[in-house]
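Residue strings, one per chain:
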Amino acid sequence: MENRALFSGKLLPCLLILPQLAVSLIFFYWPAAQALWQSFLVQDAFGLSTEFVRFENYVILLQTPEYYQAIGITLIFSALVAFFSLTLGLLLAVMANRNIRGIQIYRTFLIVPYAVAPAVASVLFIFMFQPGLGMIARALQRNGIDWNPVLNGTHAMILVVIVAVWNQISYNFLFFLAGLQAIPKSVIEAAAIDGARPMRRFWTIVFPLLSPTTFFLVIVNITYVFFNTLGIIDTATGGGPNGATQTLVYKVFQDGKVGTDLGGSAAQSVILMVIVVALTAFQFRYVEKKVHY
Amino acid sequence: MSLRHFSTAAAITVTLALATPAHAVTEIQWWHAMTGPNNDVVVKLANDFNASQSDYRIVPTFKGSYADVLNAGIAAFRAGNAPGIMQVFEVGTATMMAAKGAIKPVSEMMKEQGEAFDPKSYLPAITGYYSTSKGEMLSFPFNSSSMVMWVNLDALKQADIAAPPKTWPEVFADARKLHATHPTCGYSLSWITWGLIEQFSAWHNVPIGTRANGLDGFDTVLEFNTPLDIKLLENLVELQKDKSFDYSGRTNTGEGRFTSGECPLYMTSSAFYPNVKANAKFGYTAVPMPYFPDVNGAPQNSIIGGASLWVMAGKTAAEYKGIATFFTFLSDTDRQVYLHEVSGYLPITKAAYEKTKASGFYKDTPILEVPLRELTNKEPTENSRGLRFGGMVQMRDVWSEEIEAALAGKKSAKDALDAAVSRGNQMLRQFERTVAK
């Protein structure tokens, strides 16, 4: 059965989508095209001399061992952040979806961290984890753990993962909670009457019915880790020690903004863009088949 | 608001508008990165200058960190909207200098505008950093400091150490002794590459790179992976194992470890002084950086850190006249003496240094003379005049990465320094490629 709104002419629908098109063109396609063009150029910081070098920036980039290290770091970092922020977000949402006294207050508190800017979140955690100053760092050291994120790459990675997860949990929590509340109570009650225990009800009914939300969040979270964690890494570790927390997006920032190598940085962002587009396309093509709407 | 009130308000507005002087005041934007008390100094300087004459108005704007100011300036220049004056940190010097069409050399501007300007009246250790190899001053030194060793005297006494260490072997030995009372840190430093590579090389009169550390050309090649550099790093790697030396990160975020009493020997900028004075609850002093006594001619002289003021190209003659007048105003001896005494930054003219000395200020505050004694210890050589490497901001990160790898025991000191040199050289070639030909 076809059920769509019909417009009598073509003018009105075109006019209606125009604002959205304009926004996409100005804020997405135009900068993306600029980045692509810039990646074929060699230019000094002030833009005083420009030379077209075709793929030279890409060739140099692919010969840099640090670039491959950054790819590996990004994969580890995004897997850890996406996994922990999604599972913890879901866990909290399930807990907050029950009828207990003062639930609204809990929910509000759980949402608040999302309002904290990533760089600020980093500073808060630095205060707690700074060796010699932070209370958590001191507690760890007292218990015989030589906590030292300025020199130990694993510790630095743990630190940025904690901050990124903490910052993202609220967002996931909010969407999971909305998703949970949209699941009809009658279905769950029917299962309960049939004798299904809570765990079983969760895995066989709630989790599958939540899959559109989960799918959406997986994509959003991966985009988040790939792009929005820049501020966290910059404030917490500066990509160090010894490149242990240098992700792809942080390297784009480092080379472009700190190193003022705009061509090389643009080449990296083009590759990064291709990776994220491919990843998203893959998920829509294959993973979405498992989603129940 | 009632109509009557509105008309009163409108009348006041009109009167105020008419009250502004009839002749045009030339406004000059000054972008800077000074925070806290040093921001007050910037504002006071601008206000004093604006009050001293009526033709020009300096408008200072805080733009964030040093790197932020540089990036904002670059973006503004690309958009055709650069400020008149930009404060750029010392490691951004090569980037600015390479941008020939974007900057106006200070000495050229002063001459064109007929301001009295004698480069010889400035301290060579300071202006050398910002001059061409021919001695032409490109930017105007604003806030300069050098590196000194801060010493916790109470901790030394507790560990039975008679006097602050003068040489590296003494530093290593003292750090080991201090380990008993300070198990998490005997000796440490901020700005690791500034201390262990840049200052270390100048202080021992050895090159960081060829072509007079890059001052003579962008085709410079790094060469700080010598046995001397390896010896220093190997010693620190050894001490790091039990935290007799403990790494404090790439910038100055670790400085609190000195004032809190955690690290009794701590090398960082001399501009740390106001902070130590306000926060250290123990006897303290500052002494010159250590050196290896077996190196011929060491100690040589130290180099500066800090920032200078760059004048941007493409401004009107009136703006340049205003900036030139402002720089003359800044060079005034009494003003330099005042700036030195309130901010802890170094005076830039010889006259100001002499005057401060004569006033007996250093008798009460000997710490503030330590960096000046280091900088003027000997006539600067081509190894100790300064350095000019393209992409230096990011280069420091790359060098730090390799030093971190050595300290974490992932690489030998030699491998780390070899890698720092070869990765740095790649960056220099990349910079050479992008520089305007």
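Here the residue numbering is sequential within each chain, running from 1 through the sequence in written order. All chains are assigned letters beginning at A, and all ligands numbers beginning at 1, according to the order in which they are written. Two thresholds apply to this predicted model, a pLDDT of at least 70 for residue-level local features and 80 or more for giving and counting side-chain atom pairs, whereas whole-chain, interface and lining totals are computed over all residues.

**Student:** A description of the domain arrangement of chain B should follow, citing residues and the corresponding values.
**Tutor:** Residues and elements named next belong to chain B. Throughout, the edges of the domains are those of an automatic or database domain assignment. Split by domain assignment, chain B resolves into domain 1 (21-144 + 304-367) and domain 2 (147-301 + 390-434). Measuring from the centre of the C-alpha atoms in domain 1 to the corresponding centre in domain 2 gives 29 Å. Taken together, the contact between domain 1 and domain 2 spans 13 residues of the former and 18 residues of the latter. At three residues, helix α4 (residues 93-98) tops the list of elements feeding residues into the side of domain 1 that touches domain 2. Under this grouping Gly is polar, as are all residues other than the nonpolar Ala, Val, Leu, Ile, Met, Phe, Trp, Tyr, Cys and Pro and the charged Asp, Glu, Lys and Arg. A per-class count over the side of domain 1 that touches domain 2 returns eight nonpolar, five polar and no charged. Throughout, a pair of residues is in contact if the C-beta atoms placed from their backbones lie within 7 Å. Strands are runs of DSSP state E lasting at least two residues, helices are runs of H or I lasting at least four, and both sets are numbered from the N terminus onward.

**Student:** Can you tell me about the packing of helix α15 (residues 333-343) of chain B against helix α16 (residues 350-358) of chain B, naming the residues and giving the values?
**Tutor:** Residues and elements named next belong to chain B. Note on geometry: axes are lines fitted to C-alpha atoms, helical ones only across the stretch in contact, with angles between N-to-C directions running from 0 to 180 degrees. One way to put it is that α15 packs onto α16 with a least axis distance of 8 Å and a crossing angle of 65 degrees. The two elements α15 and α16 meet at a crossing, and its hand is right-handed. Mapping the contact onto sequence places T333, Q336, V337 and H340 in α15 and A351, A352, K355 and T356 in α16. The crossing is said to be left-handed when, going from far helix to near helix, the turn is anticlockwise and less than a right angle, and right-handed when the turn is clockwise.

**Student:** Explain the sheet that holds strand β7 (residues 187-189) of chain B to me, and be specific about the residues and the numbers.
**Tutor:** All names here are of chain B. Only when DSSP finds a minimum of two bridges between them are two strands counted as paired. The sheet built from four strands is open, its strands ordered β7-β8-β6-β9 with mixed pairing. Looking at strand neighbours, the two that pair on one side only are β7 and β9 (284-287), the edges of this open sheet. Pairs of neighbouring strands in the sheet enclose a mean axial angle of 25 degrees, with direction left out of account. When strand β6 (residues 147-152) meets β9, the two strands line up antiparallel, connected through four bridges. Across the sheet, W150 pairs through a bridge with A286, a residue of β9. The sheet contacts of helix α9 (residues 192-203) involve β6, β7 and β8 (265-269), and relative to β6 the element is tilted by about 120 degrees.

**Student:** Summarise the nonpolar core; cite the residues concerned and give the values.
**Tutor:** Put simply, a nonpolar core is a cluster of buried Ala, Val, Leu, Ile, Met, Phe, Trp, Tyr and Cys residues tied together by C-beta atoms within 7 Å. To assign burial, the other C-beta atoms lying within 10 Å of each residue's own C-beta are counted, with C-beta atoms placed from the backbone; 20 or more indicates buried, 12 or fewer indicates exposed, and intermediate counts indicate partly exposed. Within the largest apolar cluster, 134 residues are counted, with the highest numbers of intra-cluster contacts made by W150 and I323 of chain B. Built from parts of two domains, this core gets at least three residues from each of domain 1 (21-144 + 304-367) and domain 2 (147-301 + 390-434) of chain B. Setting aside residues no more than four positions away along its own chain, I323 of chain B makes contact with I28, G84, I85, M109 and V311 of chain B. One finds A70, A93, A236 and V252 of chain A within the second-largest nonpolar core, a separate group that totals 38 residues.

**Student:** Mind laying out unusual backbone geometry, listing which residues take part and the relevant values?
**Tutor:** Across the junction of G240 of chain A and P241 of chain A, the peptide omega takes the value -10 degrees, indicating a cis bond. The topology assignment puts P241 of chain A in the loop between α11 (230-236) and α12 (248-258). Omega for the bond connecting A298 of chain B with P299 of chain B falls within 30 degrees of zero, at -5 degrees, which places this linkage in the cis form. Topologically, P299 of chain B is positioned in the loop between β9 and β10 (305-312). Despite not being glycine, D160 of chain B has its phi angle at roughly 60 degrees, a positive value. Within the secondary structure, D160 of chain B sits in the loop between α7 (153-158) and α8 (168-178). The backbone of N205 of chain B shows a phi angle near 55 degrees, a positive value even though the residue is not glycine. Mapped onto the fold, N205 of chain B is located in the loop between α9 and α10 (210-213).

**Student:** Give a detailed account of the environment of Q130 of chain A, specifying residues and quantitative values.
**Tutor:** Note that Q130 of chain A resides in the loop between α5 (118-129) and α6 (135-142). Along the sequence, Q130 of chain A and Y68 of chain A sit 62 residues apart, while their C-alpha atoms lie 29 Å from each other.

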